[in-house]
Amino acid sequence: MLQVGLSLPRCPGGAAGAFPMAEPAAGEDAGTGREAPGSCPVTIVVTSEADTWDIDTSSCLGCGQFVDWDKMPEPQQPAQIPRDVLSRPPKELKRLAREGCWARSHAGRARLYPRLIQQVSCRLVTPDALVYRDVAARLFGTPSVSSHPLPEFLEGCPMPTYCLSPHGVTALKKILICVGALFPDITHSPLLPALAALLLHYSEDEAQCFESVSRLIASNAPHAGYIDQSFLAHQASCMTFGDLANKHCPAAHKLIAGAAENVLEVYSEWLSWLFPGLPFGYAVRVLDVFLLEGQKVLYRIALALLKQFRLSVTPAGLQGSDIKAELQAFVRNIAEHVTVDKLLERAFGIRLFSRKEIWLLQMANRKALMERGITVVQRRFYTCCEGYEPTVLLIKTTEGEVCGAFLSSDWSERKKSGATSGFFGTGECFVFTVRPEAERYEWVLIKKPELAKAVPRSRQRSPSPAPESRLGSSRDSRSSSPNHLAVPSPQRRDRLSPFLAIRHFLLPSKTASMFMSGSRDGIVIGGGGGQALSLDASLLWGHTEHCETFDNPPLCQENFQVQLLEVWGFQSA
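Quick look at the structure, then. (Residues numbered from 1 in each chain as written. Predicted model: local features only at pLDDT ≥ 70, side-chain atom pairs only at ≥ 80, totals over all residues. Heavy atoms only, no water.)

## Considering the packing of aromatic side chains
Two descriptors summarise a pair of aromatic rings, namely the distance from one centre to the other and the angle between the planes of the rings.
Reasoning step 1: What the rule picks out here adds up to 17 aromatic pairs.
Reasoning step 2: Between Phe241 and Trp270, the ring centres sit 5.2 Å apart and the planes meet at 5°, which makes this aromatic pair stacked. Here Phe241, found in helix α7 (residues 231–248), pairs with Trp270, found in helix α10 (residues 270–274); they are 29 residues apart in sequence, far enough to count as distant. There is no split in this pair, since Phe241 and Trp270 are both buried.
Reasoning step 3: Through a chain of ring-to-ring contacts, the aromatic side chains of Phe241, Tyr267, Trp270, Trp273 and Tyr299 assemble into a single cluster.
Reasoning step 4: Just above the ring of Tyr382 sits the side chain of Arg414; from NZ or CZ to the centre is 3.7 Å.
Reasoning step 5: For the cation-ring pair, Arg440 lies above Phe430, with the distance from its terminal atom to the ring centre recorded as 5.5 Å. (Phe/Tyr/Trp six-rings, centres within 6.5 Å; stacked < 30°, edge-to-face > 60°. Helix = DSSP H or I, 4+ residues; strand = E, 2+ residues; numbered from the N terminus. Buried < 20%, exposed > 50% of the residue type's maximum accessible area, 1.4 Å probe, protein only. Lys NZ or Arg CZ within 6 Å of the ring centre and 35° of its normal.)

Listed below in structure tokens is the structure:
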């Protein structure tokens, strides 16, 4: 379970932190001593596995109580929002939002946001403020301080805090925990924490913010979704953005394709360009329109950012650079390139598909992903393991048996096989059991070197290094090196080195060198006549049997359910 948090003080009393409900005078200079809108840096809390945090259960009333006003940018042109704004026709309401009508008053936004969200069509049974107060009281208690983990759907998602005070950060975490408790179907939602954080700036209390978030989650408006709630939906939106970028930003798309090995990996971060990438003054202007028009707005803004990025860089300047890092840095400093008004103007100048057409495109991409069998658990496994070499895989079954594998190669090598799932790794790999008995099963050619013959020099594809150049001059120097794992075992003169590549031997069959494999269908360790360890795409069910690579018996009950899976990664010092 992912646990994140911070021990925070109770909310200070008084009305100093509240929004000023009276509108400033027309001639008043509101910019003195304040940062310009959009220049405020975004503070991000990244979810971590080891941290825990304490919830301060006190809540105070008063709009703006969650804001650190030293960070909050002041509106440049204070003005009165028309009182009949909600009765205006939808087209005029969209025009006012795009022009920044309610960007001129924090108090106006605080009054307007809840009313706009109340107009969102949502499911009949949707948790509201009263439900939140009841659930929060049961979860966190009334007078005491409680410790709770954030919900699992936030794992790996940044949680921007923008201009929230420490009390506001605590309130944000409480809201997200209650969302996880009341919406158990949410499995992955990168947008949700940023959306809750922005709404909390303009909420009178936690319950009102929760109700607003809840209605956006439960929206059932046709072709106008607000929040992706699964990894599948999020990946489909990333593919959809890639399709839109190819159509509407061909020059920028060509630039990205020329600088990145995998274009989809770049586009998979498109939502983070907006939240938490954009500074607060820009992000909240996007929110103004998003509440009226839904996810289509986010595509527009991201496409406008991509076009602006193309104008700000040269192909030569991107050679050898990390394109994803360059894009994130560009978005963080967007105020140096374009004003928020100009950015929105360019975004709405893009003649995008209709909501229904975008929705149909998303459904087509989702269907394609489902056919490929993509899962969030599998993605987390590969993302966490890549970059580490070697890794140790440990599995505890529901029957209490423990087994695993030592894997010599980086899991990123699986990508070299392309769409097909091929085996990779070296003879250093081995499988083992821990419970009920501890046993290790090495590569069969180490235990039985007579099965292989050295390849004549004339048949080698490349010069093979001498064993001593790879292993060092002595056993002592090898065991003390930080780059090698010392495995205690009897030393034999005829024992083959596991560091030699497969091409250096004439093997009786390819099945004697199937070490590790990973694909969207699952994970396989050991092959040939069977699989020493195999896990399905969900990493919940597995199978073990004898294989030719390790010449092992079944490592536990042949068909098993995973109770606990751990991966330990190592890197060179």
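## Digging into the state of the cysteines
Where two cysteines share a covalent bond between their sulfur atoms, that bond is called a disulfide.
Reasoning step 1: Scanning the entire structure with this criterion turns up 0 disulfides.
Reasoning step 2: The thiol of Cys403 is not disulfide-bonded; the next cysteine sulfur, from Cys556, is found 4.1 Å away. (Disulfide = S-S within 2.5 Å.)

## Observations concerning the sheet that holds strand β6 (residues 402–407)
Reasoning step 1: Read across the sheet, 9 strands follow the order β8-β7-β6-β5-β15-β14-β13-β12-β11 without closing on themselves; strand pairing throughout is antiparallel. Unpaired on one side and paired on the other, β8 (439–441) and β11 (516–519) mark the two borders of the sheet. The sheet shows a mean angle of 25° between the axes of neighbouring strands, taken without regard to direction.
Reasoning step 2: Bridge count between strand β12 (residues 522–525) and strand β13 (residues 533–536): 4 bridges; the pairing is antiparallel. Considered in β13, the bridge of Ile525 is made with Leu533. (Pairing = 2+ DSSP bridges. Axes fitted to C-alpha atoms, helices over the stretch in contact; angles between N-to-C directions.)

## Quick notes on the pairing of β6
Reasoning step 1: A large share of β6 lies buried, amounting to 6 of its 6 residues.
Reasoning step 2: By the alternation rule, side chains of β6 split into Val402, Gly404 and Phe406 and Cys403, Ala405 and Leu407, which are all buried.
Reasoning step 3: As paired elements, strand β5 (residues 391–397) and β6 share 6 bridges and run antiparallel to each other. By the bridge assignment for β6, Thr391 is matched with Leu407.
Reasoning step 4: Of the pairings in the sheet, the one linking β6 to strand β7 (residues 430–435) comprises 5 bridges and is antiparallel in character. Across the sheet, residue Ala405 finds its bridge partner in β7, namely Val431.

## Here's the deal with the pattern of salt bridges
Reasoning step 1: For the coordinates displayed, the defined rule picks out 13 salt bridges.
Reasoning step 2: Between Arg109 and Asp288 there is a salt bridge, with the nearest N and O atoms lying 2.9 Å from each other. Of the two residues, Arg109 is situated in helix α2 (residues 106–118) and Asp288 in helix α11 (residues 280–293); the sequence distance between them amounts to 179 residues. Here Arg109 and Asp288 have matching classes, each one buried.
Reasoning step 3: The closest approach of N and O atoms between Glu269 and Lys324, which form a salt bridge, is 3.8 Å. Residue Glu269 is located in the loop between α9 (263–267) and α10, and its partner Lys324 is located in helix α14 (residues 323–332); the two are separated by 55 residues in the primary sequence.
Reasoning step 4: Under the relative-accessibility criterion, Glu269 is labelled partly exposed at 24%.
Reasoning step 5: The exposure class assigned to Lys324 is partly exposed, which follows from its relative accessible area of 26%. (Salt bridge = Lys/Arg side-chain N within 4 Å of Asp/Glu carboxyl O.)

## Observations concerning the nonpolar core
When a protein is soluble and globular, its nonpolar side chains tend to lie buried together.
Reasoning step 1: Core analysis: the largest hydrophobic core is formed by 111 residues, its most contacted members being Trp102 and Trp273.
Reasoning step 2: Listed in part, the 31 residues of the second largest apolar core include Cys429, Tyr441, Ile446 and Cys547. (Core = buried A, V, L, I, M, F, W, Y, C linked by side-chain atoms within 4.5 Å.)

## Notes on unusual backbone geometry
Reasoning step 1: In the segment running from Phe275 into Pro276, the intervening peptide bond is cis, with an omega of 10°.
Reasoning step 2: Note on placement: Pro276 falls in the loop between α10 and α11.
Reasoning step 3: Here the residue pair Glu389 and Pro390 is connected by a cis peptide bond, since its omega of 5° sits within 30 degrees of zero.
Reasoning step 4: Within the fold, Pro390 resides in the loop between α17 (376–385) and β5.

## Structural notes on α7
Reasoning step 1: Taking 1.5 Å as the rise per residue, α7 with 18 residues should run 26 Å; its terminal C-alpha atoms sit 25 Å apart, in good agreement.
Reasoning step 2: For α7, the buried fraction is high: 15 of the 18 residues fall into the buried class. (Expected span 1.5 Å × (residues − 1).)

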